[in-house]
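Residue strings, one per chain:
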Amino acid sequence: MSSAGELPIRTEQDVVLARQAARQAAVACGLRLVDQTKLVTAASELARNAVVYGGGGAMHWRVVEDGMRRGLRLEFVDQGPGIADIEQALTDGWTSGAGMGLGLSGSRRLVDAFELDSAPGRGTRVAITKWA
Amino acid sequence: MERIPILQMGDVLLVTIQVDMHDQLALTLQDDLAERIRATSARGVLIEISALDIVDSFIGRMIATISALAAVMDARTGVVGMQPAVAITLVELGLNLTGVSTALDVERGMRLLRQAGAGVE
Amino acid sequence: MAALDPRTLTLIQSRQDAILDAWAAGFARAAQDGRASPLELDAQVRGFWQAFAAALGRADVSSLQGAEWDDTRHFLEDLSRDRVLKGFSAAETATFVFSLKRPLFDAVEQGLAADPQAMAAQLRVVSDLLDQLGLHTVKVFQKNREDVIKRQQEEMLELSTPVVKLWEGVLALPMIGTLDSQRTQVVMESLLQRIVETGSEIAIIDITGVPTVDTLVAQHLLKTVTAIRLMGADAIISGVRPQIAQTIVHLGLDLQGIVTKANLADALALALKRTGVTVAKAA
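This text gives an overview of the structure that appears in the document. (Residues numbered from 1 in each chain as written. Chains lettered and ligands numbered in written order. Predicted model: local features only at pLDDT ≥ 70, side-chain atom pairs only at ≥ 80, totals over all residues.)

Moving on to the overall build of chain B. When its secondary structure is counted, chain B shows 4 helices and 5 strands. Seen in sequence order, chain B has helices and strands lined up from the N terminus as β-β-α-β-α-β-α-β-α. In terms of overall size, chain B behaves like a compact globule, its C-alpha atoms giving a radius of gyration of 13 Å where 121 residues would be expected to give roughly 14 Å. Across its three principal directions, the C-alpha atoms of chain B cover 35 × 35 × 20 Å. Taking all 121 residues of chain B together, the buried fraction comes to 47%. Considering only residue pairs separated by 6 or more positions, chain B has 76% of its internal contacts joining residues 24 or more positions apart. (Helix = DSSP H or I, 4+ residues; strand = E, 2+ residues; numbered from the N terminus. Rg over C-alpha atoms; globule rule 2.2 N^0.38 Å. Buried ≥ 20, exposed ≤ 12 C-beta atoms within 10 Å, placed from the backbone. Contact = placed C-beta atoms within 7 Å.)

Within chain A, the secondary structure is distributed over 4 helices and 5 strands. In terms of C-alpha radius of gyration, chain A reaches 14 Å, essentially the compact-globule figure of 14 Å for 132 residues. Based on the C-alpha atoms only, the size of chain A along its principal axes is roughly 40 × 25 × 25 Å. The buried share of chain A, reckoned over its 132 residues, is 43%. Here the analysis covers contacts within chain A between residues at least 6 apart in sequence; of these, 64% occur between residues at least 24 apart.

Quick look at the environment of C:Gly47 now. Residue and element names in this part refer to chain C. With respect to the secondary-structure elements, glycine 47 resides in helix H4 (residues 38–58). Among the residues examined, glycine 47 registers 14 C-beta atoms within 10 Å and is labelled partly exposed. Along the backbone, glycine 47 and leucine 76 are 29 residues apart, and their C-alpha atoms lie at a distance of 9.8 Å.

With 23 residues of chain A at the contact, the number on the chain B side is 19 residues. The set of elements that each furnish at least two residues to the side of chain A that touches chain B consists of helix H1 (12–29), helix H2 (33–52) and helix H4 (103–110) of chain A. Looking at the side of chain A that touches chain B, the element that brings in the most residues is H2(A), giving 9 residues. Of the residues contributing to the side of chain A that touches chain B, the split by class is 8 nonpolar, 8 polar and 7 charged. (Nonpolar A, V, L, I, M, F, W, Y, C, P; charged D, E, K, R; others polar.)

With that out of the way, let us pick up the sheet that holds strand S1 (residues 6–9) of chain B. Residue and element names in this part refer to chain B. Read across the open sheet, the 5 strands follow the order S1-S2-S3-S4-S5; overall the sheet is mixed. Single-partner strands in this sheet number two, and they are S1 and strand S5 (101–103). With strand direction ignored, the average angle separating the axes of adjacent strands in the sheet is 25°. Bridge count between strand S3 (residues 44–48) and strand S4 (residues 76–80): 5 bridges; the pairing is parallel. By the bridge assignment for S4, leucine 46 is matched with glycine 78. Along the sheet, helix H1 (residues 23–40) contacts S1, strand S2 (12–16) and S3; its crossing angle with S2, the most-contacted strand, is approximately 160°. (Pairing = 2+ DSSP bridges. Axes fitted to C-alpha atoms, helices over the stretch in contact; angles between N-to-C directions.)

In the sheet, strand S4 (residues 113–118) of chain A pairs with strand S5 (residues 124–131) of chain A via 6 bridges, with the strands oriented antiparallel. Following the sheet pairing, A:Phe114 is matched in S5(A) by A:Ile128.

Here we take up the packing of H2(A) against H4(A). Residues and elements named next belong to chain A. One can describe the packing of H2 onto H4 by two numbers: an axis separation of 9 Å at closest approach and a directional angle of 155°. As far as their axial angle goes, H4 and H2 are roughly antiparallel. The element H2 and its partner H4 pack so that their crossing is left-handed. Where H2 approaches H4, its residues Lys38, Leu39, Thr41, Ala42, Glu45, Leu46, Arg48 and Asn49 are matched on the opposing element by Gly103, Gly106, Ser107 and Leu110. (Parallel < 35°, antiparallel > 145°, perpendicular 65-115°, else oblique. Left-handed = near helix turned anticlockwise from the far one by under 90°.)

This next bit is on the environment of C:Trp23. Residue and element names in this part refer to chain C. Mapped onto the elements, tryptophan 23 comes out in helix H2 (residues 16–26). C-alpha separation for the pair tryptophan 23 and valine 97, spaced 74 residues apart in sequence, amounts to 9.1 Å. When residues no more than four places from it in sequence are discounted, the contact partners of tryptophan 23 are Val45, Ser99, Leu100 and Pro103.

Rendered as structure tokens:
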């Protein structure tokens, strides 16, 4: 079992593939079912964001270790327009498109660690981690 | 084009989702259902999701949309068979499925739709 | 990048049986208390040797990271796991590897008797290699032991909070003791699972035995009930003592229409009524 990988996310089919890849990695990492589900759901949200708002990007995944505990880290990167107001983007219900506005804020609640790095013209990078 | 089959059981339409749907498939289902409700004058729609490991906000929105569409055509919507892990995740995600009734399985779902809608046989 | 001297390799291969015998004798004491049978030990010795000897000839012996060492590492990992479950100590488990040093040293000394400088260098290489293997074994042992403990803790959690079937379609979850975040989650997950398995439409969560309910616990309870409703069932919370009721009001928690009852009996009566069951006394 490899401990890292990446795949492109350009189409909605890729979002499905990203979910499956995240699931496989989560299982291999030893995450329990509910944690797997939360992580894969978050991955689905972020992957879709990359396609819909970011013009396509990629998902990088990596097994991480912190002392004796193991976890899975997923990073979603796109070269899209970036997020102008991060505070606003992280509010429940706020959406710049037709979504429910839960992608970013919801994902944050589903994982143990959440990093968001984005600015207009600089694309977007979101990294989420779930510990086993 | 692949589509999700819609089964007619009396005046209730039953949809069993068994694949990991990509967004377009979900949208096609929405359209198909709207059309079938109209064509059959269905009074209820049951969406069976016991095979779904993941329900994200997109699917959540699809369900809410189907429910709204059905309501406009005087039909009630029910979601059945939700897995525990999915339920826990949806709560954490903050997804609210207002206007959608839920039941543990198809049998109970049918009962639920009959009880609620006057005139549903 | 270091490799075993071909002379050493040849000697090890040709003296294989003698090495294995000497090695097995080295930790034969462990077999005497019955935790591992001689047959098992023999199989473990041969299994390890097969992977180890194969890697020796091809691999860089200064580091265990190469793919050639995969089989050897996996073997040690399985061995460690097995030893944890059988109650061996970390030291005893590491002895499996370290007691191979002497026989290998003997082989090196004999093979390179005519070349003392090469012998010294090779002894060092073999020693370092076995040290690494031994350390790897210990590291894996520790991790496995922690996993076992964690699993046992979870099992105890589930046992201490069993989900009981009160009636057809009615489950009860008596929660006892202080509820910490992790415990509440594990327990709630098993309740949801049981709801699906039994097709029960009502779950009574009884908190009579819970001394205090703080915001976090209350939130967990609320989330659990919401999840139960999403699935198509419903929950009643029973055992809400006056103090807890006060806490709930004080914290401004919105119970969102969740029914609460002071005791389990009242909750059961309500559940039965909802299920359409009437209980009558025999005439």
